[in-house]
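Below are the chains, spelled out letter by letter.
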2 protein chains.
Amino acid sequence: MAAIRDDLTYAFGAGRLTPQRQTIAESARSLGRAFTIDDLAEEARYRDPSIGVATVYRAVSAMEATGWLERVGERAGSVLYAQCGAGDRHHHHLVCTSCGRVEPAECPLHDVAAHAATSGFVITNHEVTLYGLCPACLATGS
Amino acid sequence: MAAIRDDLTYAFGAGRLTPQRQTIAESARSLGRAFTIDDLAEEARYRDPSIGVATVYRAVSAMEATGWLERVGERAGSVLYAQCGAGDRHHHHLVCTSCGRVEPAECPLHDVAAHAATSGFVITNHEVTLYGLCPACLATGS
DNA sequence: GTGTATGCAAACTGTTTGCATGGAC
DNA sequence: GTCCATGCAAACAGTTTGCATACAC
């Protein structure tokens with residue numbers, strides 16, 4: 001369930017939940033939008049300046065491995081991550097190009113088999129990312 | 001048309017077609033699959049060892065700007081490019097995970113509006129990449 | 001002739017790694 | 001007590017930039 005997987009204890013799976021990792025995970029969740037590792041490090045170091053960059057990188061790798069954090073795109077050569085709370089179920093992402101808000105999206109590929117048939121490819125995997133404006137940004141016209 | 005846009009003269013648009021750029025563009029086309037800038041530089045420098053890496057980077061930027069070359073994914077931290085010949089028309093890519101062959105694919109998102117409606121997002125852009133095995137790799141069982 | 005493209009090397013950015021120390025379990 | 005996680009700094013990989021020269025147009 002999304003509610004359960006939102007819990008920080010799930011962020012690192014079997015890994016240790018150190019104060020630094022807790023700070024990093026809370027920072028990721030509080031950002032509430034897509035972020036680069038740099039964004040995350042900045043937020044985490046604001047809360048605890050003693051946290052090193054290497055720790056942030058290692059923590060992100062760990063959180064990505066458990067699926068608590070997901071890659072949702074890239075910006076200026078850096079990977080964008082987000083904690084969307086959709087858990088293990090197959091899904092994609094809606095990313096607001098204005099504020100960076102990320103929402104899980106249902107998989108829109110209902111006829112992948114048809115494509116395989118026409119091309120001769122057997123499709124084993126796919127990536128879909130939808131970009132747009134979220135309701136809040138639409139309302140403010142930004 | 002794909003046939004016209006396949007021509008090297010279109011690769012750099014209004015830019016100059018120098019011998020180096022011609023070599024680089026021909027290398028890109030002859031690879032016939034997704035490649036990193038490193039792969040391309042290796043192929044181009046095999047043909048003309050005097051070509052510098054910076055020139056390859058600059059040429060790729062130019063070819064990407066005209067749409068002659070497209071980003072089709074990433075591998076080990078580097079962007080994957082391909083010359084798929086689909087021209088200006090809206091399309092996505094089928095990438096063979098075994099040999100790297102790239103084929104243009106029709107856009108499989110026929111009901112994007114429905115997603116916008118349920119989420120409140122207005123979708124302005126999207127990225128889709130399909131991964132799988134091409135007929136040749138299926139036949140050889142690789 | 002003008003201005004873009006080139007090659008080289010240095011500079012940069014983002015990321016990873018080695019190692020001694022600290023602390024979660 | 002064991003072993004994973006940390007912080008620091010050095011190392012690294014990929015990419016970009018400055019500059020003088022060459023050449024496409």
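Keep in mind that this is a model prediction, so the values were computed, not measured.

1. With respect to the overall build of chain A
Per the secondary structure count, chain A includes 6 helices and 5 strands. Counting from the amino terminus, helix and strand elements in chain A follow one another as α-α-α-α-β-β-β-β-α-β-α. Classification of the 142 residues of chain A by burial places 43% in the buried group. Nonlocal contacts in chain A, meaning residues at least 24 apart in sequence, comprise 48% of its contacts between residues at least 6 apart. When the accessible surface of chain A is totalled, it reaches about 7300 Å², and 51% of it is carbon and sulfur.

2. Re the relation of the copies chain B and chain A
Once chain B is rotated about the relating axis by 180 degrees and shifted along it by 0.0 Å, it coincides with chain A to within an RMSD of 0.1 Å. Both copies are brought into coincidence by an operation consistent with a two-fold rotation axis. No C-alpha of chain B lies nearer the rotation axis than that of Val 128 of chain B, which sits 2.3 Å from it. An overlap of 100% is found between the interface residues of chain B and their copies at the interface of chain A, pointing to a shared contact surface.

3. Concerning the interface of chain B and chain A
Counting residues at the interface gives 31 residues for chain B and 31 residues for chain A. Both sides of the chain B and chain A interface together cover about 2600 Å² of buried area, and 64% of this is carbon and sulfur. Remark: the boundary between chain B and chain A carries 0 salt bridges. If you look at where chain B meets chain A, you find 8 residue pairs in polar contact (both at pLDDT 80 or more).

4. Remarks on the protein's contact with DNA strand D
Thr 18, Gln 20, Thr 55 and Arg 58 of chain A together with Tyr 57 of chain B are the nearest of the 18 residues found near DNA strand D. Per the 4 Å cut-off to the protein, sugar and phosphate atoms form 67% of the nearby atoms of DNA strand D. One of the backbone N or O atoms of Gly 52 of chain A is found 3.2 Å from a phosphate oxygen in DNA strand D. The contact in question runs from a phosphate oxygen of DNA strand D to an N or O atom on the side chain of Thr 55 of chain A, over 2.6 Å. At the level of secondary structure, the elements contributing two or more residues to the surface near DNA strand D comprise α2 (19-31) and α4 (53-66) of chain A together with α4 (53-66) of chain B. Of the residues belonging to the surface near DNA strand D, the class tally is 6 nonpolar, 7 polar and 5 charged.

5. Describing the environment of Gly 52 of chain B
Position of Gly 52 of chain B among the secondary structure elements: in the loop between α3 (37-47) and α4. Sequence separation of Gly 52 of chain B and Ala 25 of chain B is 27 residues, and the distance between their C-alpha atoms is 14 Å.

6. Some details on the pairing of strand β3 (residues 92-96) of chain A
All names here are of chain A. Counting buried residues in β3 gives 5 out of 5 residues, a clear majority hidden from the surface. Residues His 92, Leu 94 and Cys 96 line one face of β3 and the alternating positions His 93 and Val 95 line the opposite face, and both faces are buried. By the bridge criterion, 4 bridges tie β3 to strand β4 (residues 102-105) in an arrangement that is antiparallel. Each residue of the ladder has a partner; that of Leu 94, found in β4, is Glu 103.

7. Points about the domain arrangement of chain A
Residue and element names in this part refer to chain A. Domain parsing of chain A yields domain 1 (1-85) and domain 2 (89-142). Across the boundary between the two partners, domain 1 contributes 9 residues, which contact 10 residues of domain 2. At the boundary of domain 1 with domain 2, total buried surface from both sides reaches about 630 Å², with 63% on carbon and sulfur atoms. Of all residues in domain 1, Arg 33, Val 72 and Cys 84 give up the largest surface area on contact with domain 2, accounting jointly for 61% of the area buried on that side. Run the count over domain 1 and domain 2 and you get 3 residue pairs in polar contact (both at pLDDT 80 or more). With 4 residues, strand β1 (residues 70-75) is the largest single contributor of residues to the side of domain 1 that touches domain 2. For the side of domain 1 that touches domain 2, the residue count by class is 4 nonpolar, 2 polar and 3 charged.

8. Let's talk about the environment of Ala 11 of chain A
Topologically, Ala 11 of chain A is positioned in the loop between α1 (2-5) and α2. Linking Ala 11 of chain A and Ala 59 of chain A, residues 48 residues apart in sequence, is a C-alpha distance of 9.3 Å.

9. Regarding the side chain of Thr 129 of chain B
As for its placement among the helices and strands, Thr 129 of chain B is situated in strand β5 (residues 122-133). A relative accessible area of 14% places Thr 129 of chain B in the buried class. Beyond its immediate stretch of four places on either side in the chain, Thr 129 of chain B contacts Asn 125, His 126 and Glu 127 of chain A together with Val 72, His 93 and Val 95 of chain B.

10. Some details on the protein's contact with DNA strand C
Contacts to DNA strand C come from 18 residues, most closely from Arg 16 and Tyr 57 of chain A together with Arg 16, Thr 18 and Thr 55 of chain B. Across the atoms of DNA strand C situated within 4 Å of the protein, the share located in sugar and phosphate is 63%. Between DNA strand C and the protein, one listed contact pairs a base nitrogen with a side-chain N or O atom of Arg 16 of chain B at 2.6 Å. Note that a phosphate oxygen of DNA strand C is positioned 2.6 Å from one of the side-chain N or O atoms of Thr 55 of chain B.

Procedures and definitions
- Residues numbered from 1 in each chain as written.
- Chains lettered and ligands numbered in written order.
- Predicted model: local features only at pLDDT ≥ 70, side-chain atom pairs only at ≥ 80, totals over all residues.
- Heavy atoms only, no water.
- Helix = DSSP H or I, 4+ residues; strand = E, 2+ residues; numbered from the N terminus.
- Buried < 20%, exposed > 50% of the residue type's maximum accessible area, 1.4 Å probe, protein only.
- Contact = heavy atoms within 4.5 Å.
- Areas by Shrake-Rupley, 256 points an atom, 1.4 Å probe, with all protein chains shown as cover.
- Least-squares fit on C-alpha atoms with pLDDT ≥ 70 in both.
- Buried area = accessible area lost by both parts, 1.4 Å probe.
- Salt bridge = Lys/Arg side-chain N within 4 Å of Asp/Glu carboxyl O.
- Polar contact = N/O pair within 3.5 Å; in protein donor to acceptor, adjacent residues only side chain to side chain.
- Near = heavy atom within 4 Å.
- Nonpolar A, V, L, I, M, F, W, Y, C, P; charged D, E, K, R; others polar.
- Pairing = 2+ DSSP bridges.
- Domains from an automatic or database assignment.

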